[in-house]
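Chain residues, written in single-letter form:
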Amino acid sequence: MTTTLAALLIIHVLSGVVAIGMHNVVLMHLLKKAPNYVFVSRVAWSAVALFFLSWTTSAYYYVTYYGSAVKPRILAGATPVAHTFFMETKEHIFLLLPFVAISIALATTYLRANADGRLRKSTAFLTFIALTIGITVAASGILVSGSI
Amino acid sequence: MTFYELLVIMHIVGTVLGVGAATFAEIYYTRFNSDDIVNDDERKVLSITYTVMRTGLFLLVISGFSFLLYFRLTEHVETLTSPSFWAKMTVVAVLVGNALLLQTRILPFAIGAAVSLTSWYVALILGIIGTTSATYVEILVYYVIAIVLVGFSLRFIRARIHAPKKI
């Protein structure tokens with residue numbers, strides 16, 4: 001693996017993990033009755049930026065390296081299911097995440113000027129779904145890395 | 001100092017902050033709530049303690065994932081499939097889930113406190129012992145037993161502190 005690819009992998013993982021952590025912060029604040037929406041929307045938009053960074057770096061890594069160098073090793077190894085199920089699932093579910101994150105950020109921005117209890121609860125539920133997807137994707141990534 | 005050593009220091013600092021803050025959060029809460037009233041000053045102390053705990057969790061997660069990257073890039077991937085590693089990941093996920101359930105008031109505080117305190121210590125112990133012959137399920141069974149024991153111990157301590165003073 002080249003230094004560039006290693007750097008991309010590091011950016012992919014760390015930006016993804018921090019973005020998941022940010023969604024956790026957003027959720028914790030949205031569960032309060034009167035959250036600080038300015039803070040919440042800033043964190044939500046930061047999560048969007050990090051998810052897109054994680055998304056683009058992983059895309060380059062996947063297209064230029066994973067398919068040709070990593071995937072064959074996993075398929076030939078003891079746990080090919082790491083690719084056939086976990087990676088295949090991860091790479092498709094992950095496509096949703098940046099757009100779910102944008103929806104959360106837009107909703108929290110709207111809430112800054114129009115505090116609404118029902119929208120707050122719906123946004124909290126959407127953030128919970130995003131958090132669940134994020135944790136699942138991260139866990140799948142660890143399984144894939146551990147199966148090489 | 002190597003990058004690996006920096007990660008180890010970050011991981012240890014995160015664990016120390018988390019375990020220490022979880023311990024003192026429990027001590028402070030038990031002490032402050034002995035008169036069934038938590039005043040503003042006591043609330044501020046608890047708030048600072050929880051902030052330290054969250055900082056510890058953040059450092060632990062970031063350094064933990066940095067370790068994963070390090071192992072992946074150096075091709076030492078056997079760690080990523082070990083039972084103790086996955087048990088530790090589960091414990092960290094429980095810590096996050098527990099915080100959410102406490103925030104929504106779905107989980108009673110007594111149970112949440114026991115889960116939080118036990119989880120931090122289990123994460124610390126799993127980190128210290130490293131590899132173990134126990135399976136993932138066995139570790140989780142011990143973990144659940146520990147939560148129950150800690151829960152009963154905390155209940156006993158709180159009952160003692162709340163007991164009417166003998167004149």
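Residues numbered from 1 in each chain as written. Chains lettered and ligands numbered in written order. Predicted model: local features only at pLDDT ≥ 70, side-chain atom pairs only at ≥ 80, totals over all residues.

A.B. asks: What exactly am I supposed to notice about the nonpolar core here?
C.D. replies: Side chains of nonpolar character tend, in soluble globular proteins, to be buried together. One finds Val26, Ala44, Ala47, Phe51, Ala101 and Ile104 of chain A to be the most contacted residues of the largest nonpolar core, which totals 69 residues. Apart from residues lying up to four places away in sequence, isoleucine 104 of chain A is in contact with Val26, Ala44, Thr123, Leu126, Thr127 and Ala130 of chain A. (Core = buried A, V, L, I, M, F, W, Y, C linked by C-beta atoms within 7 Å. Buried ≥ 20, exposed ≤ 12 C-beta atoms within 10 Å, placed from the backbone. Contact = placed C-beta atoms within 7 Å.)

A.B. asks: It is not clear to me how the interface of chain B and chain A should be interpreted in this structure. Could you clarify?
C.D. replies: For interface size, the figure often reported is the accessible area lost on association. In this complex, chain B contributes 17 residues to the contact, which on the side of chain A involves 16 residues. Residue assignment for the side of chain B that touches chain A shows that the elements contributing at least two residues are α2 (40-73) and α3 (83-103) of chain B. At 8 residues, the largest contribution of residues to the side of chain B that touches chain A is made by α2 of chain B. Classifying every residue of the side of chain B that touches chain A by side-chain character gives 13 nonpolar, 3 polar and 1 charged. (Helix = DSSP H or I, 4+ residues; strand = E, 2+ residues; numbered from the N terminus. Nonpolar A, V, L, I, M, F, W, Y, C, P; charged D, E, K, R; others polar.)

A.B. asks: Got a minute to help me understand helix α3 (residues 81-93) of chain A in this structure?
C.D. replies: It helps to recall that an α-helix has 3.6 residues per turn; residues three or four apart then point in one direction. Residue and element names in this part refer to chain A. Between its terminal C-alpha atoms α3 stretches 17 Å, which fits the 18 Å expected from 13 residues at 1.5 Å a residue. At methionine 87, α3 is bent by approximately 30 degrees, the largest bend along its length. Looking at α3, one finds that the buried residues are Ala82, His83, Phe86, Met87 and Lys90. Residues of α3 that are buried in the fold lie against α2 (37-76) and α5 (117-146). (Expected span 1.5 Å × (residues − 1). Bend = angle between axes of the 7 residues up to and from the residue.)

A.B. asks: Before we go on, may I ask you to explain the packing of helix α4 (residues 97-113) of chain A against α5 of chain A in this structure?
C.D. replies: Residue and element names in this part refer to chain A. Running from N to C, α4 and α5 cross one another at 155 degrees; their axes reach a closest spacing of 10 Å. Regarding the angle of α4 to α5, the classification is roughly antiparallel. Once α4 is placed against α5, the crossing between them reads as left-handed. Taken together, the residues of α5 that come into contact with α4 (itself represented by Leu97, Val100, Ala101, Ser103, Ile104, Ala107, Thr108 and Leu111) are Leu119, Arg120, Thr123, Leu126, Thr127, Ile129, Ala130, Ile133, Gly134 and Val137. (Axes fitted to C-alpha atoms, helices over the stretch in contact; angles between N-to-C directions. Parallel < 35°, antiparallel > 145°, perpendicular 65-115°, else oblique. Left-handed = near helix turned anticlockwise from the far one by under 90°.)

A.B. asks: When you look at the packing of α3 of chain B against helix α5 (residues 136-162) of chain B in this model, what are you seeing that I'm missing?
C.D. replies: Helices that pack against each other are described as a pair by the angle of their axes relative to one another and the distance between those axes. Residue and element names in this part refer to chain B. Packing of α3 against α5 leaves a shortest axis separation of 8 Å and a crossing angle of 40 degrees. With respect to α5, the element α3 is oriented oblique. Note on packing geometry: the crossing formed by α3 with α5 is right-handed. On α5, the residues that touch Pro83, Ser84, Trp86, Ala87, Thr90 and Val91 of α3 are Tyr136, Ile139, Leu140 and Tyr143. Looking at side-chain class alone, the contact of α3 with α5 contains 8 nonpolar, 2 polar and no charged residues.

A.B. asks: I would appreciate a short explanation of the environment of leucine 31 of chain A in the present structure.
C.D. replies: Relative to the helices and strands, leucine 31 of chain A is located in the loop between α1 (3-30) and α2. Along the backbone, leucine 31 of chain A and phenylalanine 125 of chain A are 94 residues apart, and their C-alpha atoms lie at a distance of 9.5 Å. If near-sequence neighbours (up to four positions away) are discounted, leucine 31 of chain A is found in contact with Ala124 of chain A together with Gln103 and Thr104 of chain B.

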